Amino acid sequence: MKPSTVLIVDDSRVSRMLTRQHIQVRHADWVVEEAANGDEALAKAEGLQPDLVLLDVNMPGMNGVDAAAALRVMLPNAHISLLTANIQAATRQRAQEIGVGFMEKPITAERIAQLIAPLEA
């Protein structure tokens, strides 16, 4: 089984580092890339073709919901999930409408384990 590729999209460098750490503790062989906003995520995803994309919602430029919608079209087979402190019902509903997952912050080992579980099956 080939190592999975993950794209972490968050304007917080600390959040990206923490998420990366939780993933690599479990899967040191996985490729983990980072983007600081939605525009950067779209640019990286095209060449990277990630198996999993984790996106914050509130970021400068293109927000995570709009980026997730665009990535859903670009990467129809990828697992895409919002990982955010924005827990408004409208955000959850929009995630469901575009066919992406939703996970609340804070980032914990347990939450990251849930998000990467589909790639471990």
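Residues numbered from 1 in each chain as written. Predicted model: local features only at pLDDT ≥ 70, side-chain atom pairs only at ≥ 80, totals over all residues. Heavy atoms only, no water.

Draft legend 1. Summary view of the overall build of the protein. Within the protein one finds five helices and five strands. In terms of overall dimensions, the protein is globule-like: its C-alpha atoms have a radius of gyration of 13 Å, near the 14 Å expected for 121 residues. Its C-alpha atoms put the protein at 35 × 30 × 25 Å along the principal axes. Counting the 121 residues in the protein, one finds 47% classified as buried. Of the contacts formed within the protein by residues at least 6 apart in sequence, a portion of 63% connects residues at least 24 apart. Surface exposure of the protein reaches about 6,000 Å², of which carbon and sulfur atoms provide 52%. Computed over 11 positive and 15 negative side-chain charges, the inter-centroid distance for the protein is 3 Å. (Helix = DSSP H or I, 4+ residues; strand = E, 2+ residues; numbered from the N terminus. Rg over C-alpha atoms; globule rule 2.2 N^0.38 Å. Buried < 20%, exposed > 50% of the residue type's maximum accessible area, 1.4 Å probe, protein only. Contact = heavy atoms within 4.5 Å. Areas by Shrake-Rupley, 256 points an atom, 1.4 Å probe, with all protein chains shown as cover. Lys, Arg positive; Asp, Glu negative; His and termini not counted. Charge placed at Lys NZ, Arg CZ, Asp CG, Glu CD.)

Draft legend 2. Highlighting helix H4 (residues 89-98). Here H4 has its buried residues at Thr91, Ala95 and Ile98. Down the axis of H4, the smallest arc covering the buried residues is 75°, so these residues share one side. Summarising the geometry of H4, the exposed residues directed more than 90 degrees from the buried face are Ala89, Ala90, Gln96 and Glu97. Those residues of H4 that are buried are in contact with helix H3 (64-74), strand S4 (79-84) and strand S5 (101-104). Two residues or fewer past H4, Gly99 is found with a positive phi of approximately 80°. (Arc of directions from axis to C-beta.)

Draft legend 3. Representation of the pattern of salt bridges within the structure. Scanning the entire structure with this criterion turns up eight salt bridges. The residue Arg16 makes a salt bridge to Glu34 at a minimum N-O spacing of 3.0 Å. One end of the pair, Arg16, is in helix H1 (residues 13-26); the other, Glu34, is in strand S2 (residues 31-35), and 18 residues separate them in sequence. Of the two residues, Arg16 and Glu34, both sit in the buried class. We note a salt bridge from Asp56 to Lys105, for which the minimum N-O separation is 3.6 Å. Taken as a pair, Asp56 in the loop between strand S3 (52-55) and H3 and Lys105 in the loop between S5 and helix H5 (109-120) lie far apart in primary sequence, 49 residues in all. Relative accessible area serves as the criterion here: at 7%, Asp56 is assigned to the buried category. Each of the salt bridges in this network shares a partner with another, and the network as a whole consists of Asp10, Asp56 and Lys105. (Salt bridge = Lys/Arg side-chain N within 4 Å of Asp/Glu carboxyl O.)

Draft legend 4. Looking closely at the sheet that holds S3. One open sheet accounts for five strands, arranged S2-S1-S3-S4-S5; its pairing is parallel. Each having just a single partner strand, S2 and S5 make up the two edges of the open sheet. Across the sheet, the axes of successive neighbouring strands diverge by a mean angle of 20°, strand direction being ignored. Here S4 runs beside S5; their pairing, made up of four bridges, is parallel. Its bridge partner being in S5, Leu83 is matched across the sheet by Met103. Relative to the sheet, H4 contacts S4 and S5, its axis offset from that of S5 by approximately 150°. (Pairing = 2+ DSSP bridges. Axes fitted to C-alpha atoms, helices over the stretch in contact; angles between N-to-C directions.)

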